Amino acid sequence: MSAIVKRILVTGGAGFLGSHLCERLIAEGHDVLCVDNYFTGRKDNLAQLIDNPHFEAMRHDVTHPLSVEVDEIYNLACPASPIYYQCDPVQTTKTSVLGAINMLGLAKRLKAKILQASTSEVYGDPLVHPQPESYRGNVNPIGPRACYDEGKRCAETLFFDYYHQHNLRIRVVRIFNTYGPRMHPNDGRVVSNFIVQALKGEPITLYGDGSQTRAFCYVDDLIEGFLRMMDAPDDITGPMNLGNPVETSVVELAELVIDLTGSRSRIVHRPLPVDDPIQRCPDISQASALLDWQPRTQLRPGLQRTVAYFDNLLHGKEKIGVAEGVRSAT
């Protein structure tokens, strides 16, 4: 438990990553205010915290200003899977840009530290592999993923402008593929899609030939990276890659999921989506050197915990369901 109790705001706190972060911060002994508009966040993710006297949940959209008193801010608010951020691209851009402006304004008023959850999508379909923080990316500014990619890039710009212009204490982390319990079953991401399809005995949908690679980081490891980044000296601003540097092909992931679930699902192939990156893998040498951080959870045990979560979710709470024909975003 931390010696100093802080009041900490987590935007997007009812989401996959946000709920794990709230839980970890409470365990560290802090008071946590979770803010979420519940577009993709779920109240069930917070069930274990609702009765905790050190936790408070507030329904609020970060595109509107917020007036609260806190010591630190983790800005995670934004739909992060293509199936959600593409259904209202204008709102997605607003969430990234206006949300950043509102949270930075709040941090400036309070003289609070603020961390921005950015994304590996700022690198687009990379021409450099693995991707170091110095790489400026290969992003299509008018493609179907642009609302998210460019929104996050603009948010990074705003964070560093506030840092240079107002001497604000900022942290920017670029998140690579993360998985684990509390992923939304209908988010269209490759891990959740494969597990849900396998558990339901449905064909596993593979886009392209399956040779495209991703680097999968277990959620607990990522949250540890968040905390280390926030606690780092103020001259460590980032942007900082957080992810697993071990690549796994999508077809290897599908085969591992089939093995772990004991499913008889067969793999079917579909055309690769527009602007879907062929390779995505972080260079985490900065995080390793400056934060003494690296992922510790191997893919197989991490997937076992994730499979157990979805198995319970599908058999215990059918009301959540999974939409038919969801595209497997990778």
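Residues numbered from 1 in each chain as written. Predicted model: local features only at pLDDT ≥ 70, side-chain atom pairs only at ≥ 80, totals over all residues. Heavy atoms only, no water.

Engineer: Where do I start with the overall build of the chain in this structure?
Structural biologist: Within the chain, the regular secondary structure consists of nine helices and 13 strands. For the chain, whose C-alpha radius of gyration is 19 Å, the value lies close to the compact-globule estimate of 20 Å for 330 residues. With the C-alpha coordinates of the chain rotated into their principal frame, the extents come out at 55 × 45 × 40 Å. Sorting the 330 residues of the chain into buried and exposed places 59% on the buried side. Considering only residue pairs separated by 6 or more positions, the chain has 82% of its internal contacts joining residues 24 or more positions apart. Summed over all atoms, the accessible surface of the chain reaches about 14000 Å², with 50% contributed by carbon and sulfur. Averaging the positions of the 33 positive and the 39 negative side-chain charges in the chain gives two centres separated by 2 Å. (Helix = DSSP H or I, 4+ residues; strand = E, 2+ residues; numbered from the N terminus. Rg over C-alpha atoms; globule rule 2.2 N^0.38 Å. Buried < 20%, exposed > 50% of the residue type's maximum accessible area, 1.4 Å probe, protein only. Contact = heavy atoms within 4.5 Å. Areas by Shrake-Rupley, 256 points an atom, 1.4 Å probe, with all protein chains shown as cover. Lys, Arg positive; Asp, Glu negative; His and termini not counted. Charge placed at Lys NZ, Arg CZ, Asp CG, Glu CD.)

Engineer: Even after reading the chapter, I still don't get the environment of Ser-285, so can you show me in this structure?
Structural biologist: When you line up the elements, Ser-285 lands in helix α8 (residues 285-291). For the pair Ser-285 and Pro-132, spaced 153 residues apart in the sequence, the C-alpha separation amounts to 8.3 Å.

Engineer: Honestly, helix α9 (residues 299-316) in this entry has me stumped. Any pointers?
Structural biologist: The α-helix winds at 3.6 residues per turn, so residues separated by three or four positions along the chain end up facing the same way. When the terminal C-alpha atoms of α9 are compared, their 25 Å separation across 18 residues agrees well with the 26 Å that a helix rising 1.5 Å per residue should span. Three or more residues of α9 are buried, namely Leu-299, Gly-302, Leu-303, Thr-306, Val-307, Tyr-309, Phe-310, Leu-313 and Leu-314. The buried residues of α9 all sit within an arc of 165 degrees when viewed along its axis, so they share a single face. When the buried face of α9 is taken as reference, the exposed residues oriented beyond 90 degrees from it are Asn-312, His-315 and Gly-316. If you follow the buried residues of α9, they end up packed against β7 (178-179), α5 (190-199), β10 (217-218), β12 (248-249) and α7 (250-261). (Expected span 1.5 Å × (residues − 1). Arc of directions from axis to C-beta.)

Engineer: I would appreciate a short explanation of the environment of Pro-271 in the present structure.
Structural biologist: Topologically, Pro-271 is positioned in the loop between β13 (267-270) and α8. For Pro-271, a relative accessible area of 66% corresponds to the exposed category. The sequence separation of Pro-271 and Gly-208 amounts to 63 residues, and the corresponding C-alpha distance is 5.2 Å.

Engineer: In this structure, what is going on with the side chain of Thr-297? I would like to understand it.
Structural biologist: Turning to its location among the elements, Thr-297 is positioned in the loop between α8 and α9. Exposure remark for Thr-297: the relative accessible area of 13% places this residue in the buried category. Setting aside chain neighbours within four positions, we find Thr-297 in contact with Tyr-218, Asp-221, Gly-302 and Arg-305.

Engineer: Is there a simple way to think about the packing of helix α3 (residues 89-110) against helix α4 (residues 146-166) in this case?
Structural biologist: The relative placement of two packed helices comes down to the angle between their axes together with the axis-to-axis distance. As a packed pair, α3 and α4 sit with axes 8 Å apart at the nearest point and diverge in direction by 15 degrees. As summarised for this structure, α3 and α4 are arranged roughly parallel, according to the angle between their axes. Considering how the two elements wind past one another, α3 and α4 form a crossing that is right-handed. Taken together, the residues of α4 that come into contact with α3 (itself represented by Pro-89, Thr-92, Thr-93, Ser-96, Val-97, Ala-100, Ile-101, Leu-104, Gly-105 and Lys-108) are Cys-147, Tyr-148, Gly-151, Lys-152, Cys-154, Ala-155, Leu-158, Phe-159, Tyr-162 and His-166. For the contact of α3 with α4, the class distribution of residues is 12 nonpolar, six polar and two charged. (Axes fitted to C-alpha atoms, helices over the stretch in contact; angles between N-to-C directions. Parallel < 35°, antiparallel > 145°, perpendicular 65-115°, else oblique. Left-handed = near helix turned anticlockwise from the far one by under 90°. Nonpolar A, V, L, I, M, F, W, Y, C, P; charged D, E, K, R; others polar.)

Engineer: Would you mind going over the packing of aromatic side chains with me for this structure?
Structural biologist: The description of an aromatic ring pair rests on the distance of the ring centres and on the angle between the ring planes. A full pass over the atoms with the stated rule returns seven aromatic pairs. Between Phe-39 and Tyr-84, the ring centres sit 5.9 Å apart and the planes meet at 80 degrees, which makes this aromatic pair edge-to-face. With Phe-39 in the loop between β2 (31-36) and β3 (55-59) and Tyr-84 in helix α2 (residues 82-85), this residue pair connects regions lying 45 residues apart in the sequence. The class for Tyr-84 is buried, based on a relative accessible area of 15%. Relative to Tyr-163, the ring of Phe-160 lies with its centre 6.4 Å away and its plane at 80 degrees, an arrangement referred to as edge-to-face. Taken together, the residues Phe-160 and Tyr-163, both in helix α4 and three residues apart, mark about one turn of the helix. By way of ring pairs, the aromatic residues Tyr-123, Tyr-135 and Phe-176 are connected into one cluster. The residue whose ring lies beneath Lys-43 is Tyr-38, and the NZ or CZ to ring-centre distance is 5.6 Å. Just above the ring of Tyr-218 sits the side chain of Arg-305; from NZ or CZ to the centre is 5.0 Å. (Phe/Tyr/Trp six-rings, centres within 6.5 Å; stacked < 30°, edge-to-face > 60°. Lys NZ or Arg CZ within 6 Å of the ring centre and 35° of its normal.)

Engineer: Can you walk me through the sheet that holds strand β5 (residues 113-119) in this structure?
Structural biologist: Strand pairing within a sheet occurs via backbone hydrogen bonds; the two strands may be parallel or antiparallel. The strand order across the open sheet built from seven strands is β3-β2-β1-β4-β5-β6-β11, with neighbouring strands paired in parallel fashion. The open sheet has two free edges, formed respectively by β3 and β11 (240-242), since each of these has just one partner strand. Going from strand to strand, the sheet's axes swing by 20 degrees on average, the running direction of each strand aside. Pairing of strand β4 (residues 72-75) with β5, which is carried by four bridges, proceeds in the parallel orientation. Within β5, the residue paired with Glu-72 across the bridge is Lys-113. Relative to the sheet, α4 contacts β5 and β6 (170-175), its axis offset from that of β5 by approximately 155 degrees. Its contacts with the sheet place helix α6 (residues 219-231) against β4, β5, β6 and β11, and it is angled at close to 160 degrees to β6. (Pairing = 2+ DSSP bridges.)

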